[in-house]
Amino acid sequence: MPTTSVRLSDTKTGNRVRLVRIDVQGVLRRRLLDLGFVPGNVVEVLQKSPLGDPIAFRVNNTTIALRQEESSLIFGELIGGDRS
Amino acid sequence: MAKPYATNSSNSLDSLFAAAAKLAEGNSIRDGIVSDIYKTTHEICRESVRYEDRKKLETTYRLDKIVTSPIWGFPIMLAILGVVFWITIAGANVPSEMLASMFTWIEGYLTAGFQALHVPEWIHGVLVLGFYRGTSWVISVMLPPMAIFFPVFALLENFGFLPRVAFNMDRLFKKSGGHGKQALTMSMGFGCNAAAILSTRIIESPRERILAILTNNFVPCNGRWPILILLASLFMAVGVSSQYQTMVTAFIVMGMVLIGVAVTLAVSWVLSKTALRGIPTHYTLELPPYRKPQFIKTILISSRDKSWNVLKRAVLVAAPAGVITWILGNVDVGGTSVLNHMAAFFDPFARAIGLDGFILMAFILGLPANEIVLPILLMGYMSTGAMVDADGLDNIKQIFLDHGWTWLTALNTMLFSLLHYPCGTTLINIYKETKSVKWTVLSGVIPLAIAIAVTFAVAQTVRAFGWV
Amino acid sequence: MTTYRIALAGNPNTGKSTLFNALTGLRQHTGNWAGKTVERAEGEFTHNGKTFRVIDLPGTYSLYSNSADEEVARNYIIFEKPDVTIVVLDATSLERNLNLALQVLEMTNRVVVCINLMDEAAKLGIRINLDRISERLGVPVAAISARSKTGIEALLDLVEKVASGRIVPVPIRVTYSEEIEQSIQKLEPFIRQTLGDLFPARWVALRLLDGDGSLLAALKEHAGESAPVKEVVNYGQTVCH
């Protein structure tokens, strides 16, 4: 099945993304894992801040906002939900 | 008794740790532990949690689509801020007046009682004109706005609005080099800067935490609200017809808050380019679901915890300050009171920044707590002979006018109050939290320098254009 | 009269504080954790004639000492050994919340899992099989709505049973990968030799494998102090049931 690998920072509102890889190290990596940014998990792109950054994601039924610096290091594959 | 460790030496603990490190080798174990736990929870949930309708889950996010939308995000934030101030100002006016006249009424009986008992005049001065008046002042000016502001703010907090503010404003903080959670610690500052300093613990990076600490003062705390509200309503909202006065006052107070936010961002930006250089650290912000606050409970708890504590502190500081101010105002050296000497000393400099000697002195004596700046100022004015009973807001304005106040004096007093150094308690907390004399001193000096620069610029500009 | 010590653990925004307030009412006071700049809230309540002292631990996503909050919560559970730790979970996001529950269960078996916000979950159409969760976790599970104060009596009954030893939970044991399990096995005897049976050896092993330096520091500090005068749950032995 052909899929496209995207950075979370490049996703659009409404996208659903299955996480593949998290290129973050240290404490933040642990925090992201704690919050549910785990490879294999599906996150939904909810909303961009009025100023464009951060982006709010829905993960495990919670809403977590990530700045571009972090979300650009998280990779996943689009699995639909593209409403545009 | 519990058993002590089999071996108490920390050496054996160290070697244990080393043995584990050798087994662990690298990062893979850390990830393994978390993802294995995750697998287990995932499995448990798959077996025991069922979603009837996934669409329903989205209801929580619908409101966010509006509250954090590109078009409505900022207008809604400003509107809510404005409404909170409007409610506070509109609601506090009448009870403030009532409390003030009640205290004046009681004061009449106290004075009569002291006279009937032939108590020496100076005891009456210290106890009634100093202690009682200072305290009752603080209560009547501060209690009503605080009793309204805190519960309303607590309702917003419990509803889950504050994280949305942080979400909307994050980019501004990122650009200025601060931490996204700085918006949250600023919100705490609306209540009390000293408490907000403790709340900066949620920021883990030392650099960004110091930024949040150094700039927290630019959010007006409960000790400064009354000055801002009072002066805005007495001097700024005079030109408009009476039914809009409250609204204009709310707008002015909101303007002050926005100036504070702008200064916060500017100072953060300058500091993160100079003394606190560095890039913003990572940041995750949870936007919890909106929850309908429990109105009565929230109001009761916040009245008890916040309003009451604030009042207690105000009275504890205001009472001795009232006594000291009265004494300073009534001990004569060379024909004039000590208070007048001090005010005269500060006067030339104070005039240059659009204030007067008494105002500046009130801010200096008010270092222990911002709550007492206004009472000290009024007592200072009243002790100079232009004796007016301050039994109502109109009379307060008369006292100010008798001492040559213009709208510029009021504006600069508000600006100085907004920007000047934090109160003593806050400074002590800053020292406790940073354990650094340098940062403690800077957190007083930077705001002071900005306060002087801004008020000087405003005063000189206004005078140069002949606006007053 | 016995006084039991209860700790409340849970993610942020799970209504943990609402539960704390519902339990203790006005009988509470706040302060700071010793040596830490983290708020500590403590209170008391009675249930079935027993007194319970309850500590509201800081709300955390995990107990892996990523922050001062997490250290405080971990240290309380592991060193102060509360009679029962209530893990408060948000019914609307169980998956993330259960992570913390599993972490606590590695530290102690004296746990009651309390699923809060059941009313919200019902509104969102989330159906939760409590028996199944309880069975899988191996600890009693209570469903409550702290705001409307429903289910709290049943929760407290379970808490009392665990505190008094009438229920002895046998918690789930998370199975890790082969590599991790082997390392744990190698470390456990050393840990028992060094620390005795004061702490759950499997958990200590995991923390050490994780390179948790802050736990090492806390252990050293703790070794210096006099041993706490408290009833110690013997983690080293399997509980009878």
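Preceding block: the structure.
Just so we're clear, the structure is a prediction, and the values are computed from it rather than from any experiment.

1. Regarding the packing of aromatic side chains
Residue and element names in this part refer to chain B.
No. 1: Inspection of every chain in the model, using the stated rule, returns 22 aromatic pairs over all chains.
No. 2: Considering the side-chain rings of Phe-149 and Phe-153, the 5.5 Å spacing of their centres and the 20° angle between planes classify their relative orientation as stacked. Note that Phe-149 and Phe-153 are positioned in helix H5 (residues 121–159) at a spacing of four residues, about one turn of the helix.
No. 3: Take Phe-153: its relative accessible area is 11%, and that puts it in the buried class.

2. Concerning the interface of chain B and chain C
No. 1: Across the boundary between the two partners, chain B contributes 55 residues, which contact 73 residues of chain C.
No. 2: Between chain B and chain C we count seven salt bridges in total.
No. 3: Across the pair Glu-52 of chain B and Arg-127 of chain C runs a salt bridge, and its minimum N-O distance is 2.7 Å.
No. 4: Remark: the boundary between chain B and chain C carries 15 residue pairs in polar contact (both at pLDDT 80 or more).
No. 5: Among the secondary structure elements, those contributing two or more residues to the side of chain B that touches chain C are helix H1 (10–24), helix H2 (28–48), strand E1 (49–51), helix H3 (59–67) and helix H12 (295–330) of chain B.
No. 6: In terms of residue count, H2 of chain B provides more of the side of chain B that touches chain C than any other element does, 17 residues in total.
No. 7: A per-class count over the side of chain B that touches chain C returns 24 nonpolar, 13 polar and 18 charged.

3. Section: the interface of chain A and chain C
No. 1: Contact residues are listed per partner, giving nine residues for chain A and 13 residues for chain C.
No. 2: Buried area between chain A and chain C, both sides added, is near 980 Å², and the carbon and sulfur share of it is 44%.
No. 3: The largest contributions to the chain A side of the interface with chain C come from Arg-30, Asp-34 and Asn-60 of chain A, which together make up 51% of the buried area.
No. 4: Across the chain A-chain C interface, the total number found is two salt bridges.

4. A look at the side chain of Thr-85 of chain C
Residues and elements named next belong to chain C.
No. 1: Inspection of the secondary structure assignment puts Thr-85 in strand E5 (residues 84–90).
No. 2: Judged by its relative accessible area of 0%, Thr-85 is buried.
No. 3: Setting aside anything within four residues of it in sequence, one finds Thr-85 in contact with Ala-7, Ala-9, Ile-77, Val-104, Thr-108, Arg-110, Val-111 and Val-112.

5. A few points about the side chain of Glu-286 of chain B
No. 1: When you line up the elements, Glu-286 of chain B lands in strand E2 (residues 284–286).
No. 2: Overall, the relative accessible area of 11% leaves Glu-286 of chain B in the buried class.
No. 3: Within the local environment of Glu-286 of chain B, its side chain forms a polar contact with the side chain of Tyr-61 of chain C, the two groups lying 2.5 Å apart.
No. 4: Here the side chain of Glu-286 of chain B touches Arg-96 of chain C through a polar contact of 3.2 Å, side chain to side chain.

6. Regarding the sheet that holds strand E5 (residues 62–66) of chain A
No. 1: Read from one edge of the open sheet, seven strands run E1(A)-E6(A)-E2(A)-E3(A)-E4(A)-E5(A)-E2(B), paired in antiparallel fashion. A strand with exactly one partner marks an edge of an open sheet, and here the two such strands are strand E1 (5–7) of chain A together with E2 of chain B. Each strand of the sheet is rotated relative to its neighbour by a mean of 40°, with strand direction disregarded.

Rules used in this analysis
- Residues numbered from 1 in each chain as written.
- Chains lettered and ligands numbered in written order.
- Predicted model: local features only at pLDDT ≥ 70, side-chain atom pairs only at ≥ 80, totals over all residues.
- Heavy atoms only, no water.
- Phe/Tyr/Trp six-rings, centres within 6.5 Å; stacked < 30°, edge-to-face > 60°.
- Helix = DSSP H or I, 4+ residues; strand = E, 2+ residues; numbered from the N terminus.
- Buried < 20%, exposed > 50% of the residue type's maximum accessible area, 1.4 Å probe, protein only.
- Contact = heavy atoms within 4.5 Å.
- Salt bridge = Lys/Arg side-chain N within 4 Å of Asp/Glu carboxyl O.
- Polar contact = N/O pair within 3.5 Å; in protein donor to acceptor, adjacent residues only side chain to side chain.
- Nonpolar A, V, L, I, M, F, W, Y, C, P; charged D, E, K, R; others polar.
- Buried area = accessible area lost by both parts, 1.4 Å probe.
- Pairing = 2+ DSSP bridges.
- Axes fitted to C-alpha atoms, helices over the stretch in contact; angles between N-to-C directions.

So, to be careful, I would describe these as geometric facts and stop short of saying anything about function.
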